Amino acid sequence: MTPTVERMDEQARAILRQNDRGGYTIPTAGLYPYQWNWDSVFVALGFMEFDEPRAWAELETLFDAQWPNGMVPHIVFRHDDPDYFPGPSVWGTDGLDLPMPTSGISQPPVAATAIHWMVDAARDKQAALSKARALLPKLNAWHQWWVDARDPDGLGVVAMSHPWESGRDNLPDWDAPGDAIDVRAIGDYTRRDTSHIDTAMRPKKKDYDRYLALVQFGKSKNWDPAAIAADSPFWVADVGVSAILLRADRDLLALAERLIPGDTMISQARARIARLEAGFDRLWDSRQGAFCNKDLRTGAFAPAATAATLLCFYAGVGTPVQRTRVIEMATGWAEKVRYMCPSFDPTSGLFDPLRYWRGPTWAIFNFMIGVGLWEAGETGLADRVKRDTKALMEANGFAEYYSAVDGTSAGGDAFSWTAAVWLSWISPSLKEHKKTG
Ligand code: GLC
């Protein structure tokens, strides 16, 4: 029997409360025991529905860990937990004069977009406006870091220096570029993730060797962005982060124009937007008819499209012809799988229904895709994406992710960002003015 809306709301709120570690929220107990960057941002949207001060606190604690150079790290280590690998000592950021121990890379910059929504939906407008005003310079410094550190040549697309930076750890897209990573010196290590979760659902050992080698590489360069851009064996432009950053810059600009008119960050945001808009077309692979990730060292495109291809609507980019091709592609996918939107092309031989980012459906991606499609007037597909997300959660609870083929719940359970997506996007109890697609 389908659970009632009240029951779903209640369970979702309980998950956020139970994963709350006091001002910040862990993604799920055991597997991910620290604060993760974009998880926290979606969590803030979830808290916004029942505890606005707590929602703002989630973002403030994340930005407390911002680096002096503007980067907002992908993991914030407030303590050392032996249950997670690689922990703070492996990242070795302790000599960098940081506010607290963190990883050395970033994650998709969804925060400005979330803050824009939070300001619009807030019951306590006064508080929301002052919180957003205080966060704006930090957001701006972070966005500037993205273009300076990860696009030093001004291509208008941002490069990933590590698969984890994309938030989509083991996409098939990283396989070929990863061949350039030398793993011979990594030494012995013990993974912790596979003691929590079935190995068939997790990245393979070969992937982990590469993740670790890249951490050791970054550490050897003292996490200096210029040295990483110059020498990283892994340097791949990501459609997902490029689209998310472009959207986030539009939201930052809208907020800055409203809250601090005349500030220099307005012209900086405009310049970044122009550059990213111009650059996005570099990721159009005309042979595949899709926006695809691109290895910037070799110029090779990834083997197939991913769910991020559909973020062109969220980012407001693509010519009418490109957008039509993307809709055709997505319509084909929708016929092929039961639950939109698979993270990787389900018609490709590399599609894997349960292995993390190589096929499964993720609620947070559906949220961004659904909002973008809805804004672009593609309401048929937008409704399908939202309906499928709802059905997955009602049938299988708030899992880390789900099989796009049969809805099997996978990865960790009682997962914060999935619960948050229910509260902020799916729940039928959401007020009309809060509906974003
Ligand atoms: C995995 C995901 C990443 C997420 C993290 C915590 O590494 O790939 O996107 O932020 O887990 O949930």
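On a predicted model such as this, the values are computed, not experimentally measured, just so you know. (Residues numbered from 1 in each chain as written. Predicted model: local features only at pLDDT ≥ 70, side-chain atom pairs only at ≥ 80, totals over all residues. Heavy atoms only, no water.)

Colleague: Would you mind going over empty space enclosed by the protein with me for this structure?
Modeller: A water-sized probe, rolled over the atoms, reveals where empty space remains. The final tally for this structure, using the stated rule, is five cavities of 30 Å³ or more. The space that makes up the largest cavity amounts to roughly 260 Å³. In this structure, the largest cavity is lined by 25 residues; those nearest its centre are Tyr32, Trp36, Gln107, Asp169 and Tyr356. Every element with two or more residues in the lining of the largest cavity is listed here: helix 2 (37-47) and helix 8 (193-196). In terms of residue class, the lining of the largest cavity is made up of 14 nonpolar, four polar and seven charged. Size it by volume and the second largest cavity reaches roughly 80 Å³. Secondary-structure elements contributing two or more residues to the lining of the second largest cavity are helix 7 (175-178) and helix 9 (205-220). The dominant element in the lining of the second largest cavity, judged by the number of residues it contributes, is helix 9, at three residues. (1 Å grid on protein atoms, 1.4 Å probe; cavity = no way out; pocket = protein on both sides within 12 Å on 5 of 7 lines; lining within 4 Å. Points joined across faces, edges and corners; volume = space filled by probe spheres on them. Helix = DSSP H or I, 4+ residues; strand = E, 2+ residues; numbered from the N terminus. Nonpolar A, V, L, I, M, F, W, Y, C, P; charged D, E, K, R; others polar.)

Colleague: Explanation requested: unusual backbone geometry in the structure shown.
Modeller: Most peptide bonds adopt trans geometry, and most residues besides glycine take a negative phi value. Look at the link from phenylalanine 85 to proline 86: it is a cis peptide, with omega at 0 degrees. Within the secondary structure, proline 86 sits in the loop between strand 2 (75-76) and helix 4 (88-91). Between methionine 340 and the following residue, cysteine 341, the backbone shows a cis peptide bond with an omega angle of 0 degrees. The residue cysteine 341 is located in the loop between helix 14 (320-336) and helix 15 (363-375) in this model. At tyrosine 356, a residue that is not glycine, the phi angle is positive and equals roughly 55 degrees. Its place among the elements puts tyrosine 356 in the loop between helix 14 and helix 15.

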